[in-house]
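Notes for the structure review
Chain by chain, the residues:
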Amino acid sequence: MSDTAVKDAAVAVTKEQLPYVDPRKPRRTGIKLVGILVFWLVCYAAFKGQWTKALGLQDTTELQRKINDARDWIQLEGQDNWFIGGVLGAIGDALNSLVEFFQKLVSIPALPRPVPEIGWLGVVAIAAWVTFVFAGLRSTVLVTLSLLSFGVVGLWSESMDTLIITGISVAICIIIGLPVGIWMARSKSVSTAITPVLDLMQTFPAFCYLAPFALFFGIGPATAVILTLIYALPPMVRITEHGIRTVSATTIEAARSMGLTGTQMLRQVQLPMAKRTIVVGINQCMMAALSMATIAALVNGPGLGKPVVSALQVLNVGAASVAGLAIVVMAIMLDRTTTAASERTTGKTNIASASGMSVMLTGVVLERLPRWATEEAGRGQRLPRLTASGRWMLQSLLLIPVVVCVLLSRQQLRYAEFPDVTDTPVLKWISGPELTKQINRFTDWLVGGIDTYTIWIKDHVTEWIINPLQDLLSLSPWWVMALVLLAVAYALGGWRPAVITAVCEGVILITGLWNDSMVTLSMTLIATALVMVIAVLLGVAMGRSRRADLAIRPFLDAFQVIPPFVYLVPALALFLPGRFTAIIAATAYAVPIATKLVADGIRGVSSTTVEAARATGSTRWQMISKVQLPMARESLVLATNQGLLYVLSMVVIGGMVGGGSLGYIVVSGFSQDQLFGKGLCAGVAIAALGVMLDRIARYAAARYGN
């Protein structure tokens, strides 16, 4: 049948599901965008290379030099300042002492002892017992095997350091984020005031925090904790606010009718009902902290980031891969364990009320709890025949071997320091040195066999796609690009994103890095386009086929828990340093989230609409292109938005492998004193780009999703 008939059949059944367009205000977005493109190309041809505001790498502006002067003053006079040397210095000393305490406990020698206070055997035993109590037997096996794998590959101390930095950061995030999230949920004005701050924290590249915080807190663990804290705090706050706000209004009204005070309402109703969501926030906070703890290695933060960075500096793919795999294992361990713990603890939620009316309130609340929030949840990992007292007794008995293991790890060297497994025939093949050797051999073989093709792809994509688009953006006069971006923002989202775009353009101009920002924008757009091509192909397959979803989703889950730093390893091995390599790494990082959003959108298309189109004899291609993709347009725009932000977050990391422009300036600003101010301005420019692109995409999604 014809494409028109397929579309008409779908519209006839569920016309109300299509985005509403006011006929009195036709948007004609396509015509507007074509007009903008024509204007852009004409101006580019007429003024190519003029008024581009290009700035050499070693050149600086007045603002950047003033920032350098401020840095010099802080370095010379800061220690005598009551705030910098007093307050911030005390905070830094406290964090350094806290990290050192835990390091001496589990990872470094606690002098005069030649080993930590608790050796590897004691750490594994304690972790296994805690996991068994809170997350169940399966998670206990996962945690035990994961911890042992860190020792087998020779990265026990580094892994413990990463867990220490992550754990301290997450604990502080919970202490700060939980009250702030609750406050935002209970006060709209507070939420309105704090949300822009969280937006800035999330759009400002994590790498850009390194230099300024190293200036205030010095090089070492304190800066690593502060960096990780700032990067991981926004998810905790946002998800806590969401969890409190989404508690059933009926439940709130029932509790209020019982005469509960605000504090009682929070403690007895809202927090228990939002417990699962809050635990999800802790989970996401933990994942963000783990990814940042790796980057913090660049400010001498202890952990697995150090071997990754050291290996990347000498292009040792094997060593970087082993450390990267340890990070991935740790991420999976933390993710799965916190998820299992949330499922178990949610099942234990009991809502009580004050003033002798607990039975009535509990009845109102529990009848609306989903199944996963009832006492039946999570029993797959418990011992179902044991009563609560029986479980408590079993857990208490299991403490005996834990204490024995801790004592052995304190008294015997072989249980304190993880043994070298390179001499063990069974474990030799999975030891760190052997894995490094085998991965390097495989990489040399693979690259030697396909490097001709990968380099050919890299060179041709660079020549025919990257260079032309970069020239179009960076060699157009700055005022032309400013007008083009404003016009695109207005055409896609209206006057609000246009105003935000104008403000962000002003910020970029003030930083003095307009030309470099346009180069970064060109690579971001190319990577985002590549992300969406892959996401649509995989997402459509997942949305239409449960078998495809079951096959693809585990890989997406695995890719999502990989810290962004790790994506550089295979990209470098296959394509060598360059802009294309940075684009590939950013694409791999952004594909999982975009694919899942596309799949959810395709799956959310009304089955009635699909059946109607199928009844008219539409082909598979017609079903996808004329029914499912148009009906999932809002999800596609959202996927583009999130993919773009994920790509932009990789800009600085891409600068470490030849990405150039703003990312490279940030890296140079951290390593070269005279470029400190310029590097900080580059971070601000990246944040401005992120806010601008995010708002354009959001308003476009709101406009075309309704």
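Residues numbered from 1 in each chain as written. Predicted model: local features only at pLDDT ≥ 70, side-chain atom pairs only at ≥ 80, totals over all residues. Heavy atoms only, no water.

Overview of the overall build of the protein
This is how the line gets drawn: Only DSSP runs of H or I reaching four residues or more are called helices, and only runs of E reaching two or more are called strands; each is numbered from the N terminus. The rule is simple: take the accessible area with a 1.4 Å probe, protein chains only, and divide by the maximum for that residue type; under 20% is buried, over 50% is exposed, in between is partly exposed. Pairs of residues are marked as contacts when any of their non-hydrogen atoms sit within 4.5 Å. Each accessible area is a Shrake-Rupley result for a 1.4 Å probe, and residues are judged covered by the shown protein chains and nothing else.
Assigned secondary structure in the protein consists of 31 helices and zero strands. By the burial criterion, 50% of the 706 residues in the protein qualify as buried. Sequence separation of 24 or more characterises 80% of the internal contacts of the protein that already satisfy a separation of 6 or more. Split by element, the accessible area of the protein, about 32800 Å² in all, is 65% carbon and sulfur.

Examining the nonpolar core
Quick reminder of the rule: Only buried residues count toward a nonpolar core, which is a set of Ala, Val, Leu, Ile, Met, Phe, Trp, Tyr and Cys residues joined through side-chain atoms within 4.5 Å.
With 185 residues, the main nonpolar core has Leu 147, Trp 156, Leu 227 and Leu 312 as its most contacted residues. Of the residues forming this core, the biggest block, 13 residues, is contributed by helix H25 (residues 579–603). Among all residues touching Trp 156, those that are not within four sequence positions of it are Val 106, Trp 120, Val 123, Val 124, Leu 147, Phe 150, Gly 151 and Phe 418.

Structural notes on the packing of aromatic side chains
Note the cut-off: Here is the rule: rings of Phe, Tyr and Trp (six-membered ring for Trp) pair when centre to centre is within 6.5 Å. Planes less than 30 degrees apart are stacked, more than 60 are edge-to-face, and the remainder are tilted.
Applying the stated rule across the entire model yields 13 aromatic pairs. Taken together, a centroid distance of 5.9 Å and an interplanar angle of 25° make the contact between Trp 156 and Phe 418 stacked. Placement of Trp 156 in helix H7 (residues 156–186) and of Phe 418 in the loop between helix H18 (413–416) and helix H19 (432–474) is noted, with a sequence separation of 262 residues between them. Across the pair, Phe 418 and Trp 156 agree in class, each one buried.

Focus: empty space enclosed by the protein
Over the atoms, a rolled probe matching the size of one water molecule traces out where space is still vacant. Just so we agree on the cut-off: Put plainly, a pocket is an open set of points on a 1 Å grid over the protein atoms alone with protein on both sides within 12 Å along at least five of seven lines, a cavity is a set where a 1.4 Å probe fits but cannot get out, and a lining residue has an atom within 4 Å of a point. Grid points are joined across faces, edges and corners, and a volume is the space filled by probe spheres set on the points. Each residue gets one of three labels, nonpolar for Ala, Val, Leu, Ile, Met, Phe, Trp, Tyr, Cys and Pro, charged for Asp, Glu, Lys and Arg, and polar for the others, Gly among them.
One pass over the structure, following the stated rule, counts four cavities of 30 Å³ or more. Computed from the structure, the largest cavity encloses a volume of approximately 110 Å³. Lining of the largest cavity is provided by 15 residues; of these, Met 523, Ala 582, Ala 586, Met 650 and Val 651 occupy positions nearest its centre. Taken together, the elements giving at least two residues each to the lining of the largest cavity come down to helix H22 (514–544), H25 and helix H29 (651–655). Examining the composition of the lining of the largest cavity, we find that four residues originate from one element, H22, more than from any other. Partitioned by chemical class, the residues of the lining of the largest cavity number eight nonpolar, seven polar and no charged.

Overview of the packing of helix H23 (residues 546–560) against H25
Put simply, the rule reads: What counts as an axis is a line fitted to C-alpha atoms, over the stretch in contact for a helix, and the angles between N-to-C directions run from 0 to 180 degrees. Throughout, the term roughly parallel applies to angles under 35 degrees, roughly antiparallel to angles over 145, roughly perpendicular to angles from 65 to 115, and oblique to all others. By definition, any crossing whose near helix is turned counterclockwise from its far helix by less than a right angle is left-handed, and any crossing with a clockwise turn is right-handed.
Put simply, H23 and H25 touch, their axes get as near as 9 Å, and they point 140° apart. Taken together, the axis directions place H23 and H25 in an arrangement best described as oblique. The interaxial crossing formed by H23 with H25 has left-handed handedness. Along its contact with H23, which presents Asp 549, Arg 553, Leu 556, Asp 557, Phe 559 and Gln 560, the element H25 presents Ala 588, Pro 592, Ile 593, Thr 595, Lys 596, Asp 600 and Arg 603. Here the residues of the contact of H23 with H25 sort into five nonpolar, two polar and six charged.

With respect to a nonpolar patch on the surface
Selection rule: Patch criteria: residues need more than 30% relative accessible area and no salt bridge. Like-charged residues are merged within 9 Å; nonpolar side chains of Val, Leu, Ile, Met, Phe, Trp and Tyr are merged within 5 Å. The term salt bridge refers to a pairing of a side-chain nitrogen on Lys or Arg with a carboxyl oxygen on Asp or Glu at a separation within 4 Å.
A surface patch of nonpolar side chains, amounting to about 540 Å² of accessible area, comprises Trp 392, Met 393, Leu 397, Ile 400 and Val 404. Relative to the helices and strands, Val 404 is located in helix H17 (residues 388–411). You can call Val 404 partly exposed: its relative accessible area is 42%.

Things to note about the side chain of Thr 131
When you line up the elements, Thr 131 lands in helix H5 (residues 120–135). Non-local contacts of Thr 131, meaning those with residues more than four positions away in its chain, are made with Gly 136, Ser 139, Thr 140, Val 143 and Thr 337.

Quick notes on the layout of surface pockets
The computed volume of the largest pocket comes to approximately 1600 Å³. Lining the largest pocket are 49 residues; nearest its centre among them are Gln 202, Pro 235, Gln 284, Gln 642 and Tyr 646. When the residues that make up the lining of the largest pocket are grouped by side-chain class, the tally is 28 nonpolar, 10 polar and 11 charged. Lining the second largest pocket are 31 residues, and of these Ala 127, Val 130, Thr 131, Leu 163 and Leu 334 lie nearest its centre. For the lining of the second largest pocket, the secondary structure elements donating two or more residues are helix H4 (82–106), H5, helix H6 (137–152), H7, helix H13 (275–295) and helix H15 (317–347). Counting residues per element, the lining of the second largest pocket draws most heavily on H7, which supplies nine residues. Here the residues of the lining of the second largest pocket sort into 25 nonpolar, six polar and no charged.

Considering the environment of Ala 590
By the secondary structure assignment, Ala 590 is in helix H25. Residue Ala 590 is classed as buried on the basis of its relative accessible area, which comes to 0%. Along the primary structure Ala 590 and Met 650 are separated by 60 residues, whereas in three dimensions their C-alpha atoms are 9.1 Å apart.

Quick notes on helix H10 (residues 221–245)
Keep this limit in mind: Take the residue count of a helix, subtract one, and multiply by 1.5 Å to get its expected span. Working definition for bend: take the seven residues up to and ending at a residue and the seven starting at it, fit an axis to each, and measure the angle between the axes.
Over its 25 residues, H10 extends 36 Å from the first C-alpha to the last, a length consistent with the 36 Å expected when each residue adds 1.5 Å. Within H10, the axis deviates most sharply at Ala 232, by approximately 35°, and proline Pro 234 lies no more than four positions further along. With 21 of 25 residues buried, H10 lies mostly within the body of the structure.

Side note on the packing of H19 against helix H24 (residues 568–575)
Their axes nearest at 7 Å, the elements H19 and H24 cross at an angle of 75°. Considered as vectors, H19 and H24 are oriented roughly perpendicular to each other. Contacts between H19 and H24 pair Thr 443, Leu 446, Val 447, Ile 450, Thr 454, Ile 455 and Lys 458 from the former with Ala 573, Leu 574 and Phe 575 from the latter. Partitioning the contact of H19 with H24 into residue classes produces seven nonpolar, two polar and one charged.

Concerning the pattern of salt bridges
Inspection of every chain in the model, using the stated rule, returns 13 salt bridges. For Arg 113, the salt bridge identified is with Glu 117, shortest N-O distance 3.9 Å. Its relative accessible area of 26% is what places Glu 117 among the partly exposed residues. With its nearest N and O atoms 2.8 Å apart, the salt bridge here joins Arg 614 to Glu 611. Of the two residues, Arg 614 and Glu 611 both sit in helix H26 (residues 607–615), three residues apart, roughly one turn of that helix. Owing to a relative accessible area of 44%, Arg 614 belongs among the partly exposed residues under this scheme. Residues participating in the shared-partner salt-bridge network are Asp 549, Arg 553, Asp 600 and Arg 603.

Focus: unusual backbone geometry
In this chain, Leu 111 is followed by Pro 112 through a cis amide linkage whose omega measures 5°. Along the chain, Pro 112 turns up in the loop between H4 and H5. Phi at Trp 51 is positive, roughly 55°, even though this residue is not glycine. With respect to the secondary-structure elements, Trp 51 resides in the loop between helix H2 (29–47) and helix H3 (62–77). Located in the positive-phi region is Leu 576, a residue other than glycine, with phi close to 60°. Inspection of the secondary structure assignment puts Leu 576 in the loop between H24 and H25.

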